[in-house]
Amino acid sequence: MELTKQEEGILNGDQGEVLERQMRLLVRLGEIYNADKMIPVGSVQVAGVSYKSVGDPGLEFLEDIASNGGKVRVLTYLNPAGMDMKDWKEIGFPQDFAEKQIRIMNAFGAMGINTTATCTPYLAGNLPRFREHIAWAESSAVSFANSVIGARTNREGGPSALAAALLGVTPNYGLHLNENRKATLRINVNTELKTSSDFGALGYWAGKQAKNGIPFFKGIPNANTDELKFLGAAMAASGAVALYYVDELTPEADAQEVGGLETFDFGDKEKKETYDTLNTGQKPDIAILGCPHASIREIAQVTSLVEGKRLGKPLWICTSRTMKQLADNLGYTKKIEKAGGKIVADTCMVVSPIERMGYKKTGVNSGKAANYLPSFCKQEVIFKDVEKLVEECLV
Amino acid sequence: MKGRMISPGKAEGEAIVSKEPIGFYGGIDAKTGTVIEKDHPLEGQNVKGKILVFPNGKGSTVGSYVIYGLKKNGVAPRAIVNKETETIVATGVILAGIPCVDQIEIDEIKTGDKLIVDADNGEVNHA
């Protein structure tokens, strides 16, 4: 790998042991993946934030970097934490968990990281441009940045993203190179996609077919950014899809050659089978929306569904602190809380310890959440559209 | 045996060999260095002060932090030797500063063998 003089110097310890090891990590990963050089990144999103995910070893590692003076060089955001950093006590997150989570966030803050913890950084002030090189870690954010925005990022691990933030560079390989961004399979959609959960179901099914490939979708006449977010998130969970194209809708889709690609069909039958697979339970104890984190449009929709009504079961909408504050300003939070619901910021159901909070059956509208909740949180899943889920929770 | 340096340093010690991959998160206790994965060939054994030899890592990426934790808690192996180091183990050994060499024919190493690991030169030899 060709390094600049300055990068060589860091590798030789000119700027201390913390950066030496961080640079060694990026150089070694670059060599494993045949990178030719380092490239500057415009922004970073670090994963491995929830105490539930990283545990004591991660906490100690982050505190060591912070106490040794590690500082980030580019705009850096975080993946969701394990709890709402403001209202954790009231919502019922365990005290021992909270203490560790607060230490993790303090360590990130000391490094100069913007501790906005969200899987939708692009909705919360960290918006890359088309073809900008970035180093993001959370799988749905990576998919959105690559596919909907047309930025360039690999799916980083927690430590490699942090190293990119501390050094401002990432090794040039994988999805940073145009030749690795070509569609590798084609999916014909022959059924109507009406709701976000329909897009999640398609994503779950497509991820299974695509594995770590790059799908090209045909037959989706229209989709907004929320729907594309649900599609990408589910594909990145059931498979390892970090980039997809939708004919006519997403950047560089028109430059893809799809003639000779292996083709799969998603019709009414596949859609129904996917719903059947993802539904492992009935009658939720709790419904949780916002996986990935809800946009203001989704929060507005829920507000209109519950306004003036009474919820008999807990309903959470997970979102970024940024969207929560916007919802506060617009009066949505009050209306949702008045009905008995809750906007939960900074966290999500997948990385929070909901199984320790007495919940066994969770209703979701997200293909990604439906994929992870049975294993990560030992939940039975009810996978439905938002309107039907809210209806189930109303008295 | 000549391989590739993953993380620099030199170490000498007794080999502990697993033919199966190791997942560090949930697989090894970072406080004690004991292998805790159910039905793993090394279950119940301790990696502290050994030359840990296995084909490759597996499982959660949090495993990198567990390797770091082993070192910090003074229960890490002296060196790691792999057939093919993937990113979880590479990340862990580099951040922890544990010497590591890969691209080694690990079938030629048995538990109890005395090894000299010269990671700087990518070499692993019997003492």
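Attention in this report is confined to the structure presented alongside it. None of these values were measured; they are calculated from a predicted model.

In this section: the nonpolar core. Residues Trp316(A), Met349(A) and Phe24(B) are the most contacted members of the largest nonpolar core, which totals 105 residues. Excluding residues within four positions of it along the chain, Trp316(A) makes contact with Ile91(A), Phe93(A), Ile286(A), Ala287(A), Ile288(A), Leu289(A), Lys342(A), Val344(A), Ile354(A), Met357(A) and Tyr359(A). Ranked by size, the runner-up nonpolar core spans 41 residues in total, among them Ile149(A), Trp205(A), Leu243(A) and Leu261(A).

Let us look at the packing of aromatic side chains. Scanning the entire structure with this criterion turns up 11 aromatic pairs over all chains. Each ring, one from Tyr122(A) and one from Phe144(A), has its centre 3.7 Å from the other, and the planes form 0 degrees; the classification is stacked. You can see Tyr122(A) sitting in the loop between helix H5 (95-110) and strand E4 (135-136) and its partner Phe144(A) sitting in helix H6 (residues 139-149), a full 22 residues away along the chain. Judged by its relative accessible area of 6%, Phe144(A) is buried. Through a chain of ring-to-ring contacts, the aromatic side chains of Phe61(A), Tyr65(B) and Tyr68(B) assemble into a single cluster.

All names here are of chain A. The topology assignment puts tyrosine 372 in helix H14 (residues 367-376). The buried category is assigned to tyrosine 372, whose relative accessible area is 17%. Tyrosine 372 sits 267 residues away from methionine 105 along the chain, and the two C-alpha atoms are 24 Å apart. If sequence neighbours within four positions are ignored, tyrosine 372 has contacts with Ala236, Ala237, Val350 and Cys377.

This paragraph deals with the environment of Ser64(B). With respect to the secondary-structure elements, Ser64(B) resides in helix H1 (residues 63-72). Considering only alpha carbons, one finds Ser64(B) and Ile88(B), 24 residues apart in sequence, at a separation of 5.2 Å. If we ignore the near neighbours within four places in the chain, the residues touching Ser64(B) are Pro159(A), Thr87(B), Ile88(B), Thr91(B) and Gly92(B). Among the polar contacts made by the side chain of Ser64(B), one reaches the main-chain carbonyl oxygen of Ile88(B) at a distance of 2.9 Å.

Conventions used here
Residues numbered from 1 in each chain as written. Chains lettered and ligands numbered in written order. Predicted model: local features only at pLDDT ≥ 70, side-chain atom pairs only at ≥ 80, totals over all residues. Heavy atoms only, no water. Core = buried A, V, L, I, M, F, W, Y, C linked by side-chain atoms within 4.5 Å. Buried < 20%, exposed > 50% of the residue type's maximum accessible area, 1.4 Å probe, protein only. Contact = heavy atoms within 4.5 Å. Phe/Tyr/Trp six-rings, centres within 6.5 Å; stacked < 30°, edge-to-face > 60°. Helix = DSSP H or I, 4+ residues; strand = E, 2+ residues; numbered from the N terminus. Polar contact = N/O pair within 3.5 Å; in protein donor to acceptor, adjacent residues only side chain to side chain.

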